[in-house]
Structure formats: structure tokens, C-alpha cells
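Understanding the architecture of this molecule
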Amino acid sequence: MWKVTNEINRPILSRYVDIINSMFMLFIELSKSGTKDDDLEIENFLESKFTDDANLDSRLLNINKSGSDRIKPLIKDIIKLDTNILETQFDIYIHQNNEAIKNNYNIVPEVHPNCLVKIFKDYFYDKFFGVSWIWTDLVGKVYTRGMFKTNFKDENKIYVCPYCDSDTISNERNAWIEHFLPKSKFPFLSCNYSNLIPSCTSCNVSGSGKGEEIRNPILNQYTTQIGDHLKFEFDKGEITIVKNSNDSIENFIELLKLRKRYSEKGVNNSILTVLKVNYNTLLGAKDIGEFDEDIFFDFIHDTGRINGYYFVQKNLFEYINEI
């Protein structure tokens, strides 16, 4: 719901993506050789190619998921693909990343060879992201997933989930690095800074949140403060989110299952309690004289960035005498 930015993480992840670009282009170049099958069986062939590229390091070839899940055979399978297939996939990769950087999330999923899906999901995001020397030696900066989350929260001064404005993400263990366009359907966007956003557990998983679903057309937090476009109503003790006339915003509500979340009795009770406590706090403040709505809205805005429920409180203030 909160509009956010990701400028601190942007240059770090952009430099990391340069490494991915170099690997992808090297795969294409090696695929053009008429003797590639034989070349790939030569000892240290790949190591020499990685060493020759200023953005790469032969140590990347020794990072494996497990004893049986190894990166070199996977890279060989990619290089053995037809060059036309790889070039087409590279064009898709560039296009999707450019669209995400422009904050256009109305992208159609494409079909990818399994070996490319695997290297982007299992290695570039899952495995490489956690290898410290990749960041220090190739990116030039100490970096971790935890630092991504801290940078994001410090930059935006927000410690509540920007998706739902309900659960907090102040504790690192309660904040997931969420892919707005899921990496299962958009593996080429798995490391794009415009596709990554810290979220609470409920928003990240299927059932209570978005999981692997996609909706089009859609907006997200990097373009719009979606909470400002939501209408909450209160009737007979229940909170509801009114259907939105803007399809891009309505799809966001449906994708995150926000109506279901805000209709839960425990959430309802929590919101009403917070609203009443905040109202009574400002009402009883001696230094402001008569109750001032502007001060109240500023108060719930500032506390909402930490504890949540800003947008729903702002909407439900008109029902304060019924609560």
C-alpha cells in the first residue's frame, strides 16, 4: 500500500546484474562454436573463459547447490543450446528487465529452457546471492540479503509491510525478499532491484498472500501509494474494502488477498483497538487544546509507518463514534 523507493540497493544490484549479463553473453558466444561439444570436455576450458572476462571469476564454476546439483554441467547444457534460442532468450531477458526498471509489471510470462530457469533461480538468486566473495571481489561491496532489507527500511523509514500495511517487517526474520513478479514465472527478473521488495510472511506465501500468482493490469509500490486509492468501510463491527473501479488497483487487492486479510476478526479487532487508542491519545493531549484532525492524521501516518494500519485508520475515522 505504501509507495516506496529502492535507490540504495539499486546500484549494488545493478552491478551484480552486470555479472549475470556477462555470463549470459559468454554462453551465447561459446554456443556459436562448431566444436563446442568437444571444447566443453577440455579440462579447464570454461575456467579459462571465465578468467578472461573482467566481470567474471573461475571460482563461480565451483559454487554448487549440492553434491549432485552442480553448476558446470548446467552451464554446459546451456551452451549446447542452439545459438538462436539463446539469443532469443537474451532478448527476452533484456526486454523484461528494462520493463521492470521502468516499473511496468504488465509483462507476459515467456517459455524458457529448463536449464536457464534453473541457473537464474537456483544459482543467480538463491545460491550466488549468499556467497560473500562474489559481492566483495566482483561487486566491490560487502552485501547480504539482510543488508538489502535494512537498506530498504532505512531509505523509506518504513517498518511495516508495504504490501498490506498490517504486519511489521522490523525484525529481519519477519521480512522476506519478495519477488513482485514471481521468479517461478519470471526467472529473468529474479535479481532485478525493481522486482524485489521486503514483505511480511503473510503477503509472501500463497493462501494468505500472493504466492506465485500474477494479475494484469497491475500497479505496485514503486509507482503508486496504493493505500491512498483504497476505500475502507465499517458496518456492524466489520471492516470491508470497497471494490475499486481501477482494474490495476483492484487486481493488487485481489493478488494480495487484502479483503480476506482485513475481514479476519482478529485483524478487525486489532485495527479498531489501535484507532480508538490513537484517537483517545490525541484527544487527551493537553498541549494541543481542542482536538485537531490534521494533527491526528499526521500522528497515525507517522506511527503507521512503524506499526501499520495507517490507511484503514484514515478511512475509518469518520466512524469513530460508532467504534
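Scroll up for the structure.
Reference entry: report on the structure contained in this document.

Rules used in this analysis
Residues numbered from 1 in each chain as written. Predicted model: local features only at pLDDT ≥ 70, side-chain atom pairs only at ≥ 80, totals over all residues. Heavy atoms only, no water. Buried < 20%, exposed > 50% of the residue type's maximum accessible area, 1.4 Å probe, protein only. Helix = DSSP H or I, 4+ residues; strand = E, 2+ residues; numbered from the N terminus. Pairing = 2+ DSSP bridges. 1 Å grid on protein atoms, 1.4 Å probe; cavity = no way out; pocket = protein on both sides within 12 Å on 5 of 7 lines; lining within 4 Å. Points joined across faces, edges and corners; volume = space filled by probe spheres on them. Nonpolar A, V, L, I, M, F, W, Y, C, P; charged D, E, K, R; others polar. Axes fitted to C-alpha atoms, helices over the stretch in contact; angles between N-to-C directions. Parallel < 35°, antiparallel > 145°, perpendicular 65-115°, else oblique. Contact = heavy atoms within 4.5 Å.

Now for the pairing of strand β4 (residues 238–241). The two faces of β4 differ: Ile239 and Ile241 on one face are buried, but Glu238 and Thr240 on the other face are not. One ladder, built from four bridges, connects strand β3 (residues 232–235) with β4; its direction is antiparallel. Across the sheet, Glu233 pairs through a bridge with Thr240, a residue of β4.

It is worth spelling out the layout of surface pockets at this point. Considered as a void within the structure, the largest pocket measures approximately 320 Å³ in volume. Along the walls of the largest pocket sit 15 residues, with Tyr125, Trp176, Ile177, Lys183 and Asn204 positioned nearest its centre. Listed by contribution, the elements that provide at least two residues to the lining of the largest pocket are α8 (145–156) and β1 (176–179). For the lining of the largest pocket, the leading source of residues is β1, giving four residues. Of the residues that constitute the lining of the largest pocket, the class distribution is five nonpolar, three polar and seven charged.

Our focus in this paragraph is the packing of helix α1 (residues 9–31) against helix α4 (residues 71–79). Direction vectors running N to C along α1 and α4 enclose 55 degrees, while the axes themselves pass 8 Å from each other. Here α4 runs oblique to α1, going by the angle between their axes. Taken together, the residues of α4 that come into contact with α1 (itself represented by Met23, Phe27, Leu30 and Ser31) are Ile75, Ile78 and Ile79. For the contact of α1 with α4, the per-class residue count stands at six nonpolar, one polar and no charged.

Once that is clear, we can look at the pairing of strand β2 (residues 196–199). Residues Leu196 and Pro198 of β2 are buried on one face, and the alternating residues Ile197 and Ser199, pointing to the opposite face, are buried as well. Bridging between β1 and β2 involves four bridges; their strand directions are antiparallel. Each bridged residue has a counterpart across the sheet, and for Glu178 the counterpart in β2 is Ile197.

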